[in-house]
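Commentary on secondary and tertiary structure
Residue strings, one per chain:
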Amino acid sequence: MANGSEEMSKRQELTAWNSIRVAVTGGTSGLGLALVRVLLDRGARVAFIARNRDNVERLMRERMHARGIIGDVSQKGDIYSIAIQILGELGGLDILINNASSLGPVPLAPLADTNCEDFELALQTNVLGPFRLTKALLGALAASAREGGRPLVVNVTSDAAINAYPNWGAYGASKAALHHMSEIWNAELKSQGVQVISWDPGDMDTPSHAVAVPDADSTALKRPTDAARELVSKIANLILPVREATQ
Amino acid sequence: MIPANVPIQRPPDARLLVVDSGGQIRDMLRSSFPTLLRLGDIVVANDAATMPASIFGVHKRTGRSIEVRLAGSESIFHEDVRQFTAVVFGEGNYRTPTERRPSPPELRPGDTLHLGSLTATILQLLSHPRFVLIRFEGTSASIWEGLARHGRPIQYSHIPTTLTVWDTWTPIAGPPVAFEPPSAGYALDWRTLDAIHRRGVHFATITHAAGISSTGDAELDARLPFDEPYRITESAARLIRLARATGGRLIAIGTTVVRALEHAVSIHGSLRETTGMATNRIGTATELHIVDAILSGTHEPGTSHHQLLSAFVDQRTLAKMDQILQQHAYRTHEFGDSVFVEKFRNRERWTEPVEFWAAKSRPQRQVRRCRNVLRSGPFRRF
């Protein structure tokens, strides 16, 4: 009986995801790629954004239903091009996952050795990019709320946003800004029915982590797929009414 | 009026000329617009985002440069992005006034147009040498990418700087289906929406594919507005019905909202979830069935937008509004000042407005003083 009810709840959730429109930035590697795959498996309508055309087209060949968009969220001039394509392809938006990220200087460096340009890139990618894209898509997210949805913006952050790790200055400072911006967005957008959260996936075995910590033991790191499943479950709890009903 | 030539959506000194249902006229700062609303009213705005509908390219048969301005679509749905009506210009750009733009080469059905990464075929001429039905090749994804990368916002010569897409999206913009901005919505920033909400006023949106506002050709302009598709969702229709049933007024943000709602009601008898094609022209003879007031731009006499206001007020009041807008140096066009016009309680027996005091055009010095008075807050009655 318990299994039957669990199966029904799973079916209900799959049905609920069918109408959910999600955009994921940085969608062709690491956590972003895992999120695109997990969300598509759940039945969501997914647009993903990445800079490299070959990578975008490769993922579109792998997953026929994914809508790939080529763009760089760190570039102001790309934001509305990305927004037009997300809304043109999906018709609206329920969830925006700002996942694309820059480490700043590579290899990582103390702040005193960090070039201003590298710091700027971290801020452009990790703070201004999510700010601009959220702002461009806010009309669509608020419309989702007026239509009875529970729109959500997820900003992927890091424990480096909270803890002061040497050599992670540009990244940590930008993620701290992203975390705080998320909380302010969330307070301001309550009246519009739009939730904004920041979420720390933990240390994952991703290309980005390998660049930041080349000698890390990858077997001790979280798999991106596991982190993606965690986030998707969290999202389901926040936005899907069916989950509330079954809890 | 003065053409607003800077693309700032909400200048702090934007003005609002208010005509109430008794015919009284006054002006105020547009940012105070929420104070005109009452508990239980409903504000309805158009949430269409503006696509970059101007695309430069080459007419393949002649090799000549052209600009294609997408002007209309049969469908409001985002996936229907292949087929559009379009106005085609010859060489040049927005810096030349539209009416002085060179004609395109002779256009024939079957002609190919290369527009950046996009390729389109002319399917049909629409009773005019520069007005055509075109079809893009490729998937909807490749067409959206082509529009996003190579399209620019449609622009006119009164703004000297090149517009970017973000200049043309209202804060509430969602589906990119409009060809020109539903610019009355520029007034609605999120602070204003919060203020509206705090006053116990409802807010709903419809989606209406606002079409092109000028073609540069008098004969074609006389056909404006072209047919425009729209969508009213169940939740918007329900909220509007609820507000109206409980005595709230319906305030339309922009002419497109008036056109869509009145069209829907004329077809269905009441407001309900629907998609439709607004073919109606609203003017003196129109009886408004659902809209009680409009927040709109300041429009020049002779335009279809100006004509629409005559459904709210009589010709005499409209003429008085025009005179005040002119004499008090209101700014016009999409980034200009605004009007708020309530439907007269009785269009046949309206109250004579108080004569406004400024009978002559004022010099610029006085205009500046007038704007400074406005900044300090007190309403001016005319």
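Residues numbered from 1 in each chain as written. Chains lettered and ligands numbered in written order. Predicted model: local features only at pLDDT ≥ 70, side-chain atom pairs only at ≥ 80, totals over all residues.

Turning next to the overall build of chain A. Helix and strand counts for chain A stand at nine helices and six strands. Here the C-alpha coordinates of chain A stretch approximately 60 × 40 × 40 Å along the principal axes. A burial count over chain A gives 51% of its 247 residues as buried. Contacts in chain A between residues far apart in sequence, at least 24 positions, make up 65% of those at least 6 positions apart. (Helix = DSSP H or I, 4+ residues; strand = E, 2+ residues; numbered from the N terminus. Buried ≥ 20, exposed ≤ 12 C-beta atoms within 10 Å, placed from the backbone. Contact = placed C-beta atoms within 7 Å.)

Quick look at the packing of helix α5 (residues 116-146) of chain A against helix α6 (residues 169-189) of chain A now. All names here are of chain A. Where α5 contacts α6, the two axes come as close as 8 Å, and the packing angle between them is 15°. It follows from the interaxial angle that α5 and α6 lie roughly parallel. Considering only the axes of α5 and α6, their crossing is right-handed. Taking contact as the criterion, the partners of D118, F119, A122, L123, N126, V127, P130, F131 and T134 in α5 are, on α6, A170, Y171, S174, K175, A177, L178, M181 and W185. Of the residues contributing to the contact of α5 with α6, the split by class is 12 nonpolar, three polar and two charged. (Axes fitted to C-alpha atoms, helices over the stretch in contact; angles between N-to-C directions. Parallel < 35°, antiparallel > 145°, perpendicular 65-115°, else oblique. Left-handed = near helix turned anticlockwise from the far one by under 90°. Nonpolar A, V, L, I, M, F, W, Y, C, P; charged D, E, K, R; others polar.)

Residue and element names in this part refer to chain B. Partitioning chain B into domains gives domain 1 (2-49 + 163-381) and domain 2 (53-150). Contacts between the two partners involve 20 residues from domain 1, matched on the other side by 18 residues from domain 2. Only α4 (218-221) and β14 (228-232) provide two or more residues apiece to the side of domain 1 that touches domain 2. Ranked by the residues each element gives to the side of domain 1 that touches domain 2, the list is headed by β14, at four residues. For the side of domain 1 that touches domain 2, the class distribution of residues is nine nonpolar, six polar and five charged. (Domains from an automatic or database assignment.)

Residues and elements named next belong to chain A. Two elements in contact, helix α4 (residues 76-90) and α5, have axes whose closest approach is 9 Å; the angle formed by their N-to-C orientations is 30°. The angle between α4 and α5 places the two elements in the roughly parallel class. Of the two elements, α4 crosses α5, and the hand of that crossing is right-handed. Between α4 and α5, the contacting residues are K76, I79, Y80, I82, A83, I86 and L87 on the first element and R132, L133, A136, L137 and A140 on the second. Class assignment for the residues of the contact of α4 with α5 results in 10 nonpolar, no polar and two charged.

What follows deals with the interface of chain A and chain B. On the chain B side, the residues contacting the 18 residues of chain A number 25 residues. At the level of elements, α4 and α5 of chain A are the ones that each hand at least two residues to the side of chain A that touches chain B. Broken down by element, the residue count for the side of chain A that touches chain B peaks at seven residues, all from α4 of chain A. Split into classes, the residues belonging to the side of chain A that touches chain B amount to six nonpolar, eight polar and four charged.

The linkage connecting V106 of chain A with the following residue, P107 of chain A, adopts the cis geometry, with an omega of -5°. With an omega of -5°, the peptide bond running from L224 of chain B to P225 of chain B counts as cis. In this fold, P225 of chain B is placed in the loop between α4 and β14. The backbone of N167 of chain A shows a phi angle near 80°, a positive value even though the residue is not glycine. Within the secondary structure, N167 of chain A is located in the loop between β5 (152-156) and α6. The phi dihedral of S127 of chain B is positive, around 60°, even though this residue is not glycine.

So, on to the sheet that holds strand β1 (residues 21-25) of chain A. All names here are of chain A. If you walk across this open sheet you meet the six strands as β3-β2-β1-β4-β5-β6, and the pairing is parallel. Taken across any chain shown, the strands that pair with only one partner, and hence form the sheet edges, are β3 (67-70) and β6 (195-199). Pairs of neighbouring strands in the sheet enclose a mean axial angle of 15°, with direction left out of account. Note: strand β4 (residues 95-98) against β5, four bridges, orientation parallel. Counterpart to I97 in the pairing with β5 is V154. Across the sheet, helix α8 (residues 224-239) is in contact with β4, β5 and β6; its angle to β5 comes to roughly 155°. (Pairing = 2+ DSSP bridges.)

This brings us to the environment of G193 of chain A. Position of G193 of chain A among the secondary structure elements: in the loop between α6 and β6. If near-sequence neighbours (up to four positions away) are discounted, G193 of chain A is found in contact with A142, A145 and P151 of chain A.

Glancing now at the sheet that holds strand β8 (residues 83-89) of chain B. Residues and elements named next belong to chain B. Taking strand neighbours around the barrel as the criterion, the six strands line up as β6-β7-β8-β11-β10-β9 in a closed arrangement whose pairing is antiparallel. Shown here is a sheet whose adjacent strand axes are inclined to one another by a mean of 45°, direction ignored. Two elements, strand β6 (residues 54-59) and strand β7 (residues 64-72), share six bridges in a ladder whose sense is antiparallel. Directly across from I55, in β7, lies its bridge partner V68. In this fold helix α1 (residues 140-150) packs onto β6, β9 (112-115), β10 (118-125) and β11 (131-136), with an angle of close to 100° to the strand it touches most, β10.

To continue, consider the environment of G151 of chain B. Residues and elements named next belong to chain B. Inspection of the secondary structure puts G151 in the loop between α1 and α2 (165-168). Owing to 24 C-beta atoms within 10 Å, G151 belongs among the buried residues under this scheme. Taking the C-alpha atoms as reference points, G151 and R69, separated by 82 residues in sequence, lie 9.3 Å from one another. Setting aside residues up to four positions removed in sequence, G151 forms contacts with M51, P52, A53, S54 and I55.

On average, residues of chain A score 93 in pLDDT, and 94% of them are at 70 or above. Below a pLDDT of 50 lies the segment residues 242-247 of chain A, which in the model reaches seven contacts outside its immediate sequence neighbourhood of four places, other chains included. (pLDDT = per-residue confidence, 0-100.)

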